[in-house]
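Survey of secondary and tertiary structure
Below, each chain spelled out in residue letters.
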Protein chains: 2
Amino acid sequence: MSGLILHEDARSGNCYKIRLTAAHVGIKLERRNYDIMHGETRTPEFLSNINANGRIPVLQDGNRFLTESNAICFFLANGSKLIPDGHFDQADMLRWMFWEQYNHEPNIATLRFWLRFIGIEALNDAQRMQITGKRENGLHALDLMDNHLKDRKWFVADQFSVADICLFAYTHVADEADFDLEAYPEIIRWMERIMTMDGHVGLED
Amino acid sequence: MSGLILHEDARSGNCYKIRLTAAHVGIKLERRNYDIMHGETRTPEFLSNINANGRIPVLQDGNRFLTESNAICFFLANGSKLIPDGHFDQADMLRWMFWEQYNHEPNIATLRFWLRFIGIEALNDAQRMQITGKRENGLHALDLMDNHLKDRKWFVADQFSVADICLFAYTHVADEADFDLEAYPEIIRWMERIMTMDGHVGLED
């Protein structure tokens, strides 16, 4: 697999998880950066040539374009050791990836974006009203992860998989959304296992 | 594949999409119903035996339990004609399934649940504040679907796939969340194609 272009904002965890997957399977990505805080994914060029939805990440493979970060990770990892054997374990991996996008990202990543990038004083009323709920849901997501890791090293099938990568992306920066990761010893140990693996790259690498 | 048990609330679109997938691949599911409006997925028995997270749907395969509706659909369909060939098309199918859970379900399904099942007068302030945003996002999701279907019959790879099933589940009851589907002629035609297929089952079948 070659000639792939990642259209991204490098600070986004959803973009980082794609780079981390690519690093582990040895795929080189050409990276094109857009500053979402300055509307660079809403320009007429971006909307007509890259993604009419105005969002990153987008993976370009020739004249085909793929969106949704976890689908892109699956694409890069398909057929590699990052996807477990067996239909049940494959579905269980996807289960954690769907769970990440439904229960984790809308809470932890959104709070990180609101608090660190937009700034609390610039939020509108509807956003402010959601902070408490997103905080509670984010804590619940971290509790569930920590509990799941109590008797296993990896999320699925006793092996490092795309599910671990997708969950790691926003978990390891949850402190930027004012979550105290020190309260989750199993998550800390799991993150250390990931960060010391051969082939690991950091969000800012 | 046999002996599978679906723990569900039959009115949920997330449960219905699993039954529709099973019908198309010829898998028989034993169905066990729980009334989520009466806390039947929060009983000690359910929490300790079925899902500690207190949610349906859950697919039980012997002593293993799988959650997340779209992961369950993928599990049932894996290796069948409901999943396209080719890594890009498989990822593109997952792209629509992730998109459904992030952009469609939290808006259209949540409004249906709030308006039809809970009732607007019983919503709390934080929920009321989100109605306008969820309405806008739901309309945007339907626009995007209608536009995507303008030059194709199915969402991915010119074939009926799990992506169509997952998107159909809550789209075909969007009127119960006060969305006017008549405004989306391509969606209407796509739904008619699905509802007249061999093997189709309805939400209330």
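- As annotated in an unreviewed UniProt entry, chain A carries the name Glutathione S-transferase family protein and is attributed to Sphingomonas caseinilyticus.
- The UniProt entry for chain A carries the following comment under Sequence similarities (unreviewed entry): "Belongs to the GST superfamily."

Some thoughts on the packing of aromatic side chains
- Scanning the entire structure with this criterion turns up 20 aromatic pairs over all chains.
- Residues tyrosine 34 of chain A and phenylalanine 46 of chain A carry aromatic rings whose centres are separated by 5.0 Å and whose planes lie at 75 degrees to one another, so their mutual orientation is edge-to-face. With tyrosine 34 of chain A in the loop between strand E2 (29–33) and helix H2 (44–49) and phenylalanine 46 of chain A in helix H2, the pair connects residues that are 12 residues apart, well separated along the chain.
- Residue phenylalanine 46 of chain A is classed as buried on the basis of its relative accessible area of 2%.
- When the centroid spacing of 5.4 Å and the interplanar angle of 80 degrees are considered together, the rings of phenylalanine 75 of chain A and phenylalanine 88 of chain B count as edge-to-face. Residue phenylalanine 75 of chain A is located in helix H3 (residues 69–77), and its partner phenylalanine 88 of chain B is located in helix H4 (residues 87–118); the two belong to separate chains. With respect to burial, phenylalanine 75 of chain A and phenylalanine 88 of chain B carry one shared label: buried.
- Members of the aromatic cluster, each reached through a chain of ring pairs, are Tyr16, Trp96, Trp99, Phe155, Phe168 and Trp190 of chain A.
- In this structure, arginine 135 of chain B packs its charged tip against the face of phenylalanine 179 of chain B, placed 4.4 Å from the ring centre.

Topic: the domain arrangement of chain A
Residues and elements named next belong to chain A.
- Once the domains are mapped, chain A shows domain 1 (4–77) and domain 2 (87–195).
- One C-alpha centre belongs to domain 1, the other to domain 2; they are set 21 Å apart.
- Counting from both sides, the interface comprises 17 residues of domain 1 and, opposite them, 18 residues of domain 2.
- Taking both partners together, domain 1 and domain 2 bury about 1,400 Å²; carbon and sulfur atoms supply 69% of that area.
- A salt bridge links glutamate 100 to lysine 17; the shortest N-O distance between them is 3.1 Å.
- In this structure, the connection of domain 1 to domain 2 is made through seven residue pairs in polar contact (both at pLDDT 80 or more).
- When residues of the side of domain 1 that touches domain 2 are traced back to their parent elements, those giving at least two are helix H1 (13–25) and H3.

Quick look at the sheet that holds strand E4 (residues 64–67) of chain B
- Read across the sheet, four strands follow the order E2-E1-E3-E4 (chain B) without closing on themselves; strand pairing throughout is mixed. Two strands lie at the open edges of the sheet, namely strand E2 (29–33) and E4 of chain B, each paired on one side alone. For this sheet, the mean inter-axis angle between neighbouring strands, taken without regard to orientation, is 25 degrees.
- Packing against the sheet, helix H4 (residues 87–118) of chain A makes contact with strand E3 (58–61) and E4 of chain B, and its axis sits at approximately 40 degrees to E4 of chain B.
- Each of strand E1 (4–8) and E2 of chain B touches helix H1 (residues 13–25) of chain B; the most contacted strand, E1 of chain B, lies at about 155 degrees to it.

Digging into the interface of chain B and chain A
- Counting from both sides, the interface comprises 36 residues of chain B and, opposite them, 36 residues of chain A.
- Across the chain B/chain A interface, buried area totals approximately 3,500 Å², and carbon plus sulfur atoms make up 64% of it.
- When the buried area of chain B at its contact with chain A is split by residue, Phe88, Phe98 and Tyr102 of chain B rank highest and sum to 23% of it.
- Viewed at the interface, chain A and chain B are joined by two salt bridges.
- For the salt bridge of aspartate 89 of chain B with arginine 64 of chain A, the shortest nitrogen-to-oxygen distance reads 2.9 Å.
- Counting across the chain B and chain A interface gives 10 residue pairs in polar contact (both at pLDDT 80 or more).
- If you list the elements that add at least two residues to the side of chain B that touches chain A, you get E4, helix H3 (69–77), H4 and helix H5 (125–148) of chain B.
- Among the elements that take part in the side of chain B that touches chain A, H4 of chain B stands out by supplying 16 residues, more than any other.
- Considered class by class, the residues forming the side of chain B that touches chain A number 16 nonpolar, 11 polar and nine charged.

Quick word on the packing of helix H5 (residues 125–148) of chain A against helix H7 (residues 185–195) of chain A
Residue and element names in this part refer to chain A.
- The N-to-C vectors of H5 and H7 enclose an angle of 70 degrees; their axes lie 7 Å apart at closest approach. Judged on the interaxial angle alone, H7 and H5 are roughly perpendicular. Residues Leu142, Met145 and Asp146 of H5 touch H7, and the partners they reach there are Pro185, Glu186, Ile187 and Trp190.
- For the contact of H5 with H7, the residue count by class is five nonpolar, no polar and two charged.

Focus on the pairing of strand E1 (residues 4–8) of chain A
All names here are of chain A.
- When you tally the buried positions in E1, you get five out of five residues, the bulk of the element.
- Of the pairings in the sheet, the one linking E1 to E2 comprises five bridges and is parallel in character. Note on E2: the bridge partner recorded for histidine 7 is arginine 32.
- Between the parallel pair E1 and E2, the chain is carried across by H1, and the sense of this crossover is right-handed.
- Two strands pair when backbone bridges link them, and E1 and strand E3 (residues 58–61) are joined in this way by four bridges, in the antiparallel orientation. From the neighbouring strand, leucine 6 faces E3, where its bridge partner is leucine 59.

What counts as what
- Residues numbered from 1 in each chain as written.
- Chains lettered and ligands numbered in written order.
- Predicted model: local features only at pLDDT ≥ 70, side-chain atom pairs only at ≥ 80, totals over all residues.
- Heavy atoms only, no water.
- UniProt positions renumbered as here; feature names shortened; annotations may be inferred.
- Phe/Tyr/Trp six-rings, centres within 6.5 Å; stacked < 30°, edge-to-face > 60°.
- Helix = DSSP H or I, 4+ residues; strand = E, 2+ residues; numbered from the N terminus.
- Buried < 20%, exposed > 50% of the residue type's maximum accessible area, 1.4 Å probe, protein only.
- Lys NZ or Arg CZ within 6 Å of the ring centre and 35° of its normal.
- Domains from an automatic or database assignment.
- Contact = heavy atoms within 4.5 Å.
- Buried area = accessible area lost by both parts, 1.4 Å probe.
- Salt bridge = Lys/Arg side-chain N within 4 Å of Asp/Glu carboxyl O.
- Polar contact = N/O pair within 3.5 Å; in protein donor to acceptor, adjacent residues only side chain to side chain.
- Pairing = 2+ DSSP bridges.
- Axes fitted to C-alpha atoms, helices over the stretch in contact; angles between N-to-C directions.
- Nonpolar A, V, L, I, M, F, W, Y, C, P; charged D, E, K, R; others polar.
- Parallel < 35°, antiparallel > 145°, perpendicular 65-115°, else oblique.
- Right-handed = clockwise from strand over helix to strand, strands pointing away.

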